[in-house]
Amino acid sequence: MRPHDEPKGWGALQPPPGYYSADGRPPDATQRGLILDWAVNQRIASGWRVESRAETQVVMVRGKPLNHVLHALLTVFSCFLWAPCGWCWP
């Protein structure tokens with residue numbers, strides 16, 4: 001995919017200010033947590049949402065949430081033929 005075809009907010013993040021230390025040491029646990037917080041905030045600002053979060057990792061998604069009302073209406077109006085589709089999709 002060419003860079004100009006990417007949706008806004010899908011590109012690589014640049015490291016936060018102060019990530020690289022002067023002596024080349026890797027960041028400690030506190031710094032890594034702050035860097036993760038910074039990266040998550042950058043993605044949230046560009047339209048991503050957090051699905052789950054642990055101390056050292058985050059699962060983020062981009063897109064619209066599932067419309068449960070629409071699935072319920074489709075299920076009722078199709079005499080419950082749509083019901084398996086609503087159960088298969090998260």
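Thresholds applied
Residues numbered from 1 in each chain as written. Predicted model: local features only at pLDDT ≥ 70, side-chain atom pairs only at ≥ 80, totals over all residues. Heavy atoms only, no water. Salt bridge = Lys/Arg side-chain N within 4 Å of Asp/Glu carboxyl O. Helix = DSSP H or I, 4+ residues; strand = E, 2+ residues; numbered from the N terminus. Buried < 20%, exposed > 50% of the residue type's maximum accessible area, 1.4 Å probe, protein only. pLDDT = per-residue confidence, 0-100. Expected span 1.5 Å × (residues − 1). Arc of directions from axis to C-beta. Contact = heavy atoms within 4.5 Å.

Opposite charge on two side chains makes pairing possible when the charged atoms of those side chains draw close. If you walk through the whole model with that rule in mind, you get 2 salt bridges. Ionic pairing is found between D37 and R53, a salt bridge with its closest N-O pair at 2.3 Å. One end of the pair, D37, is in helix α1 (residues 29-45); the other, R53, is in strand β1 (residues 49-53), and 16 residues separate them in sequence. A residue is classified by how much of its surface remains accessible, and D37, at 31% relative accessible area, is partly exposed. E51 is paired through a salt bridge with R49; the nearest N and O atoms lie 3.6 Å apart. With a relative accessible area of 48%, E51 lands in the partly exposed category.

The next point concerns the confidence of the model for the protein chain. In this model, the protein chain carries a mean pLDDT of 78, and residues with pLDDT of at least 70 account for 79%. Of all helices and strands in the protein chain, the one with the weakest mean pLDDT is helix α3 (residues 83-88) (68), whereas β1 scores best (91).

This part is about α1. Helix length check: α1 (17 residues) gives 24 Å between terminal C-alpha atoms against 24 Å at 1.5 Å per residue, within 8%. For α1, every residue scored as buried is listed here: I35, L36, V40 and R43. One side of α1 carries all its buried residues, which in axial view fall inside an arc of 135°. Of the residues in α1, the exposed ones pointing more than 90 degrees away from the buried face are T30, L34 and A45. Each element contacted by the buried residues of α1 is listed here: β1 and β2 (58-61). Immediately downstream of α1, the backbone of G47 shows phi near 105°, a positive value.

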